[in-house]
Amino acid sequence: EDSTNDVAYWKQIADDLARLIQKANAPIFGIDIEGNVSEWNDKTETITGYSRIEAIGKPLVKTYIQPENRNAVNQVLQKALHGVETANFELPLLSKSGKRYTVLLNATTRRNNSGTVTGVVGVGQDISELKEVVAESKRVAEDLVRLIETANAPIFGIDTKGKVTEWNATAARLLGFSKEQTIGKDLVKTFITEEFQQSVNEVFSSALMGKDTANFEIALFTKSGERKEVLINATTRRGPNSEITGVIGVGQDITQIRESAKEQERIADDLSRLIDSANAPIFGVDVEGMVTEWNHKAAEMLGFAKEDTIGKALVEHFIQPENRRSVTDVLSKALAGEETANYELPLLSKFGERYTVLLNATTRRDSRGKIIGVVGVGQDITTLNRLMAEAKRVADDLTRLIETANAPIFGVDTQGNVTEWNQKLAGLSHFTKQETIGKALVANFITEEYHGAVSLVLLKALHGEETASFELPLVKNGEKKAVLLLNATTRRGPDGEVIGVICVGQDITQLNAMTAEQQRVADDLARLIDSANAPIFGVDINGMVTEWNKKAVSILGFDKDETIGKNLVHTFIQPEDRKSVS
């Protein structure tokens, strides 16, 4: 009865073991001494896709192991069949669908109740996904190592003792220390400037307690002693069990940025001083039209101190009502990016004095290009406008004077074309102003015999050599209309450049006619004296002979040439009569 009970007990244990093997959540299979499958549980079915019926009796290695792994698997199984068990052997399996699995296997020798080896049982763990995760983790770790090493930012790491564990290529280039020269060295004491050592220690201590720090500035010394500014993110580094293993610092070299910022700050300061001390009124407004800039010159001109203007609406407080709309338009355009040059801005000073400023309204932008206001740089043209108005008045007066003068006046440009032709000249020449303007003076209005002489006079005047009192005949249709006595004067522009010639004349047509008549009368008188039938002589105020006609020659025998210029009384009068004649 005891024997029967023992058999039943062991049978029950065997059944329980068989069910345990079959339903286990781990792949379990067994082979006999021939290497043919003798066990194939449900989990193995699930992994491989082969049912127990398909697997039992088939050679395990030849049927389910890839050719390249068969030799290694055979060795493990043969050892187990000789009593040498193997633990944690990675067994590659090929499923029915072609998917590859990896099972971490313990190969255990199977014996009968007499101790004879009857086969091998393999109890496994499907580590296919685990291997994929490990492989992925390894890939990520390798990528991270490459990323750290090749990153374009300086990256370093320390362990919990503050010793350097990472030092990438960019950190090496930046600071001049190779990786080999830094690994294992105390980062703070060796590479951080003294002024930053305490603060850097605090940041690293926080990171070693799990508190990351972003955008922390540190100063590092290069191998050559040069100071480098670096912006650091200090991040806690953890091990596989989340234990803190150190700190990783990813930096940005901001040395040039700092230098650029200082340079920009210097330029901004210079610009601010330039604006404030400029000899031109300068003001600025924001996008709301409120004053943001008001320099010394603007304050001096308008009487409003900078403190009185900043934050106030420019148009409402400092522009006369009648000009507000146009000024608002100019500022609105500049705030939309459309700048305005040479806009005449009327301003009223604190004391009621009116000024005119020639303004350039320029759009003001921030570092990202966003419009933040308008800057107006002006030029006080109040005096200039007065001078220009006076100059215009003088020019208008001169134009009227030229046009209405009782003397003939004309002008030519540097090409010799007529630019002025006043009323008096039009009356004398019988050419209207409209007929002459723009036409060549010499070719169209001067007689051919005078072309050379007049051209020479004009050319001299165009070179700054003026000519006075030259005669110019005017002809129309071949008929001489008038004779002018002219002064040719160089005409200059506002910068002193020669722009033409202006000629102011005198009509000497009648004078010439009168002179010719007087000459005719004188000639007639001379002929009358010389041919008279009576002796005629003349003396000047000094008693010298000036006239001695033919009859006198005939009577006295002295030729005219012998008498002219001689003293009449002393030469030709008897001594006794000289006193009475004198």
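Shown above is the structure to which this text applies.
Given the structure is predicted, the values throughout are model-derived calculations rather than measurements.

Engineer: What should I look at first to understand the overall build of the chain in this one?
Structural biologist: Within the chain one finds 25 helices and 22 strands. Radius of gyration (C-alpha) of the chain: 61 Å, far over the 25 Å computed for a compact globule of 582 residues. Dimensions of the chain, computed from C-alpha atoms along their principal axes, come out at roughly 220 × 60 × 55 Å. Across the 582 residues that make up the chain, the buried fraction comes to 36%. Once local pairs closer than 6 in sequence are excluded, the contacts in the chain between residues at least 24 apart make up 39%. Accessible surface for the chain amounts to roughly 34,900 Å². Of this, 53% is attributable to carbon and sulfur atoms. Here the chain contributes 67 positive and 82 negative side-chain charges, whose respective centroids are spaced 4 Å apart.

Engineer: It is not clear to me how the pairing of strand 3 (residues 86-94) should be interpreted in this structure. Could you clarify?
Structural biologist: Residues in a regular strand point their side chains to alternate faces of the sheet. Bridge count between strand 3 and strand 4 (residues 100-111): seven bridges; the pairing is antiparallel. Each residue of the ladder has a partner; that of leucine 93, found in strand 4, is tyrosine 101. Between strand 3 and strand 4, which follow one another and run antiparallel, lie five residues, and glycine 98 among them has a positive phi close to 95 degrees.

Engineer: Mind showing me how you'd approach the packing of aromatic side chains here?
Structural biologist: When we look at a pair of aromatic rings, we describe it by the centre distance and by the angle of the planes. In total, this model carries 14 aromatic pairs according to the counting rule given. Judged by centre distance (6.2 Å) and plane angle (40 degrees), the rings of phenylalanine 410 and tryptophan 421 are tilted. Of this pair, phenylalanine 410 sits in strand 16 (residues 409-413) while tryptophan 421 sits in strand 17 (residues 418-421), placing them eleven residues apart in sequence. With relative accessibility at 2%, the residue phenylalanine 410 sits in the buried group. Ring geometry for tryptophan 421 and phenylalanine 445: centres 5.3 Å apart, planes at 45 degrees, overall tilted. You can see tryptophan 421 sitting in strand 17 and its partner phenylalanine 445 sitting in helix 19 (residues 441-445), a full 24 residues away along the chain.

Engineer: Would you mind showing me how to read the environment of isoleucine 127 here?
Structural biologist: If you trace the backbone, isoleucine 127 turns up in the loop between strand 5 (117-126) and helix 6 (128-150). You can call isoleucine 127 buried: its relative accessible area is 4%. Expressed as a C-alpha distance, the spacing of isoleucine 127 and leucine 105, which sit 22 residues apart in the sequence, is 9.8 Å.

Engineer: Would you mind showing me how to read the sheet that holds strand 15 (residues 371-380) here?
Structural biologist: Adjacent strands of a sheet pair through backbone hydrogen bonds, lying either parallel or antiparallel. Across the sheet, five strands lie side by side as 12-11-15-14-13; this open sheet has antiparallel pairing. Looking at which strands have only one partner, the edges of the open sheet turn out to be strand 12 (291-294) and strand 13 (340-348). Neighbour-to-neighbour, the strand axes of this sheet turn through a mean angle of 30 degrees, independent of strand direction. Sheet topology note: the strand 13/strand 14 (residues 354-365) ladder contains seven bridges and is antiparallel. Among the inter-strand pairings, threonine 340 is bridged to a residue of strand 14, identified as alanine 361.

Cut-offs applied
- Residues numbered from 1 in each chain as written.
- Predicted model: local features only at pLDDT ≥ 70, side-chain atom pairs only at ≥ 80, totals over all residues.
- Heavy atoms only, no water.
- Helix = DSSP H or I, 4+ residues; strand = E, 2+ residues; numbered from the N terminus.
- Rg over C-alpha atoms; globule rule 2.2 N^0.38 Å.
- Buried < 20%, exposed > 50% of the residue type's maximum accessible area, 1.4 Å probe, protein only.
- Contact = heavy atoms within 4.5 Å.
- Areas by Shrake-Rupley, 256 points an atom, 1.4 Å probe, with all protein chains shown as cover.
- Lys, Arg positive; Asp, Glu negative; His and termini not counted.
- Charge placed at Lys NZ, Arg CZ, Asp CG, Glu CD.
- Pairing = 2+ DSSP bridges.
- Phe/Tyr/Trp six-rings, centres within 6.5 Å; stacked < 30°, edge-to-face > 60°.
- Axes fitted to C-alpha atoms, helices over the stretch in contact; angles between N-to-C directions.

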